[in-house]
Structure formats: C-alpha cells, structure tokens
Amino acid sequence: MSFLLSPRLLDPEAREPGLIVDVRDQRRTLLFDLGELDRLPPRVLLRVSHAFVTHNHMDHFAGFDHLLAVALGRMARLVLWGGPGFVDQVEHKLRAYTWNVVQRYPLPLRIEVHEARPDGMGRRACFDSRASFARAEEATFPLDGDLLHDEAAFRVRGRFVDHEMPVLAFALEEKACLRVAPDRLAAMGLTTGPWLGTLKRALLTGAPADTPIDLRWRDRHGEHAMTRSVAELRHLVLDAVAGRRIGYVTDLRHSEANLEQLAGLLTDVDWLYIESVFLDADRAHALRKNHLTARQAGEIARRLGARALQPFHFSPRYRGREAELMAEAHAAWGGPPCKPPAGAASAATLAGAAPADRPPASAR
Ligand SMILES: [Zn+2]
Ligand SMILES: [Zn+2]
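Residues numbered from 1 in each chain as written. Chains lettered and ligands numbered in written order. Predicted model: local features only at pLDDT ≥ 70, side-chain atom pairs only at ≥ 80, totals over all residues. Heavy atoms only, no water.

Draft legend 1. Fine view of the overall build of the protein. Helices and strands together make up the secondary structure of the protein, namely twelve helices and 18 strands. A compact globule built from 364 residues would reach a C-alpha radius of gyration of about 21 Å, and the protein, at 22 Å, matches this within 12%. Here the protein holds 364 residues, and the buried ones make up 51% of them. Pairs at least 24 residues apart make up 62% of the contacts formed inside the protein by residues separated by at least 6 positions. Here the protein has roughly 16,100 Å² of accessible surface; of this, 52% comes from carbon and sulfur atoms. Computing the positive centroid from 48 side-chain charges and the negative centroid from 46, the protein places the two 4 Å apart. (Helix = DSSP H or I, 4+ residues; strand = E, 2+ residues; numbered from the N terminus. Rg over C-alpha atoms; globule rule 2.2 N^0.38 Å. Buried < 20%, exposed > 50% of the residue type's maximum accessible area, 1.4 Å probe, protein only. Contact = heavy atoms within 4.5 Å. Areas by Shrake-Rupley, 256 points an atom, 1.4 Å probe, with all protein chains shown as cover. Lys, Arg positive; Asp, Glu negative; His and termini not counted. Charge placed at Lys NZ, Arg CZ, Asp CG, Glu CD.)

Draft legend 2. Molecular detail of the confidence of the model for the protein. Scored by pLDDT, the protein comes out at a mean of 89, with 91% of its residues at no less than 70. Considering only residues more than four positions removed or in separate chains, one finds that residues 339-364, a stretch of pLDDT under 50, has 57 contacts. (pLDDT = per-residue confidence, 0-100.)

Draft legend 3. Focus on the coordination of the zinc ion (ligand 2). Of the protein atoms, only His55 (NE2), His57 (ND1), His163 (NE2) and Asp251 (OD) coordinate the zinc ion (ligand 2), at distances of 2.2 to 2.4 Å. Bound by four donor atoms, the zinc ion (ligand 2) shows angles of 91 to 167° at the metal and therefore irregular coordination geometry. Read from N- to C-terminus, the donor residues coordinating the zinc ion (ligand 2) fall into the pattern H-x1-H-x105-H-x87-D. Between the two metal centres, the zinc ion (ligand 2) and the zinc ion (ligand 1), the spacing is 3.7 Å, with Asp251 acting as a shared donor. Here His55, found in the loop between strand 4 (48-52) and helix 2 (58-61), pairs with Asp251, found in the loop between strand 16 (245-249) and helix 8 (256-266); they are 196 residues apart in sequence, far enough to count as distant. Taken as a pair, His55 and Asp251 share a single burial class, namely buried. (Donors = N, O, S within 2.8 Å, 3.2 Å for Na, K, Ca; no water. Tetrahedral: all angles 85-135°; square planar, octahedral: opposite > 155°, others 65-115°.)

Draft legend 4. Inspection of the environment of Pro108 at higher detail. Examined against the element boundaries, Pro108 turns out to sit in the loop between helix 4 (86-95) and strand 6 (110-116). For Pro108, a relative accessible area of 23% puts it in the partly exposed group. Measuring from C-alpha to C-alpha, the distance between Pro108 and Ser129 comes to 5.7 Å, with 21 residues separating the pair along the chain. Leave out the neighbours within four places in its chain, and Pro108 touches Met75, Ala76, Asp128, Ser129 and Arg130.

Draft legend 5. Main features of the packing of aromatic side chains. Within the structure shown, the criterion is met by ten aromatic pairs. Summarising the aromatic geometry, the rings of Phe32 and Phe52 are spaced 5.1 Å apart at their centres and angled 20° between planes, so their arrangement reads as stacked. Linking Phe32 in strand 3 (residues 28-32) with Phe52 in strand 4, this pair joins segments that are 20 residues apart in sequence. The exposure class of Phe32 is buried, given its relative accessible area of 1%. Between Phe52 and Phe170, the ring centres sit 5.8 Å apart and the planes meet at 65°, which makes this aromatic pair edge-to-face. Of the two residues, Phe52 is situated in strand 4 and Phe170 in strand 11 (residues 166-174); the sequence distance between them amounts to 118 residues. (Phe/Tyr/Trp six-rings, centres within 6.5 Å; stacked < 30°, edge-to-face > 60°.)

Draft legend 6. A look at the sheet that holds strand 10 (residues 154-162). If you trace the six strands from one edge of the open sheet to the other, you get 9-10-11-16-17-18, paired in mixed fashion. With one partner strand each, in any of the chains shown, strand 9 (147-150) and strand 18 (308-312) form the two edges of the open sheet. Direction aside, neighbouring strands of the sheet carry axes that sit 15° apart on average. Examined bridge by bridge, strand 17 (residues 271-275) and strand 18 share five bridges and lie parallel to one another. Opposite Tyr273, over in strand 18, you have Gln310 as the bridge partner. Contacting strand 10, strand 11, strand 16 and strand 17, helix 8 runs over the sheet at an angle of about 170° to strand 10. Taken strand by strand, helix 10 (residues 294-304) contacts strand 17 and strand 18, and its axis lies near 150° from that of strand 17. (Pairing = 2+ DSSP bridges. Axes fitted to C-alpha atoms, helices over the stretch in contact; angles between N-to-C directions.)

Below, the structure written as structure tokens:
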C-alpha cells in the first residue's frame, strides 16, 4: 500500500526549518514554511500549490522571494496560509519590488493569501500579477475550528502555540486511501488511467450514483473511451485504508498551554516533525529563546503517542553534534533508535518501520 503524501525535511541535515510534501499522482508539492528554498530545484518549486507558514521570523519566510522569482511567468496560482498579520506581510514583500513589466508575461500569477487569527477569524486577499500584485478581493471570515484547508484527498489543520508570539502548529491529514482490485479491473477489460483518480475522488466526496465518469485508456489495441456511472464502477474499489497524519511543529516554548494545544491537534499522529533546537543541558537558555530542547520534544512525542519522530531546527551552536540532539529526543520519546539526519529522506525511514509496513491507523 502506498500512501498519497510523501514528506521530507527541506534540510537533510535538519538544521533549517521547512517540510516538503509531495502529493503522489497529482504532480503537486506542499510546503510548510518558506525558509531556505534555494535548496530546492525550480522543477520542485514549480509544483508547489500551497504553502503553510508557521510564523514570519526570517528563517521561516525569507524564501518567499526565491519562490516568487521562480514562479513568475511559470506558475499560475499559489495559495498561502499564515498567522495574524500574514496578508499584510505578504503585501509588504510584494510592494518592495517594481512591477512594470510583469503584466506582459503570458502566464499570469495569482497569489491567494489567507491568515488565521487566534480569535477564530480568518482574513484573505488576492494579489494578481496582471494588476501589478495590488491587493484585491479582501474579506474576513470565521474559521471552521482549526480546519484551514480541505480538499478531496487531504486536509490541513492549524492551532496556535506560543513563541512569545502566536505560531501555527500544523497537522496534515490524508483522507482514506481507496484500493482498487486489479482482477476486477481486468474483468471489465479496463486498465488504469487518470479516470481512476476521478472515480476515487467521486467516491470519497460522496458523489451521486449516476455521476458519469469518462474512462479513457490505452492498450495494445489502441485508444479507448467510454462513460460509466459511479454506480457501475463502485465495485472496482476493494477497500479503504485510513490515511496518515503528519505533524509539523516548530518554534514554541515549553509550556503546559502549548502542550494542550498540541494534544488537541496531534494526538496519535503518525509522523511528528518537531523542533529540537537545544540540548536539555541548555534548558534555561531554550526557555529564554522560546524554543524546545530535544528532550522536551521527545517527551511531547511520547505524550502525543507519535508513531515516528523527526527532530529538526537544530541550533548552529551544536554543529557537528546533531547526533546528540537526535539521541536525546529519541531517548525521551522511547521509540526505535534512529539514524543521523544527513541524507535521510523522511521520518518514517528514520524512526520505526516504514509506513507501508505498519498497520493502518485506527479510525479517528
Ligand atoms: Zn525558527
Ligand atoms: Zn521563530
């Protein structure tokens, strides 16, 4: 069983913040934080559809300029989410440049910016290259609890933690994955194609039974096309497997209020990416800096029941001692031992069994 979302740290050595999540079968990427994005090749950045920013300290947002430079003329739409003041801060970035030729680019870019506020209200605005990125379509709206973004295959939730300023902690949740029975497909003389994704989306969103699905596929006899209803195709789906939940938590002080916020968002999380900035020997310094120690991060992972743990955002003062930070976090978590971060692809490969080998998470 392969899952929809494939996460990895922006910085394989785990010093810089940032998470990249590839959305399988959709040629799309999600970003969490916009830090040192020049680490990523343009072909990856051009697949970014949504970016979720925890807060606007420079190490989490300075990469916006690089993303914008790559996107101009080559990307049609970018959706951003951030915390209080985020719409203004994106506008300030855009206003810092002169846009006298961008209107002539054949592919216009529309940036849709959303901000969440701790009072439960949201605000949005659009910035379109055809209008020199002037602010437009501004609106305020009530947030739907902690739900920020919701689409057929996954959703993103966010709750505020305290870092001497409000910071968003995120949960990225895959919805159920539908498995198709190959023998039933063959019995109908069909082969896989993009239509299967359309069928799965129709089933996951509860589309009416008579919804038509256009089937197009190719085999050795050439191209084929037909239309069948959802009801006629429903039996191709074998079963549904619960999706995975990924937590991205960074830049917060150790406090009971923060732990409660995380418990509400991330209890039983499958993959937890959590900052582990300082060694616990420097706990007083960590508190002054509004960051966690590795041991505190591991204790939070244990309390949440995280199934895999990836510490990151290591302070430069521990350069060359990253293995100590990893070991301290993992000892406090109590999960399986991990490898050093360099070259690691994902939390799943670092800690515990590969996600495909673990039983599906129970219903949530
Ligand atoms: Zn930071
Ligand atoms: Zn910060």
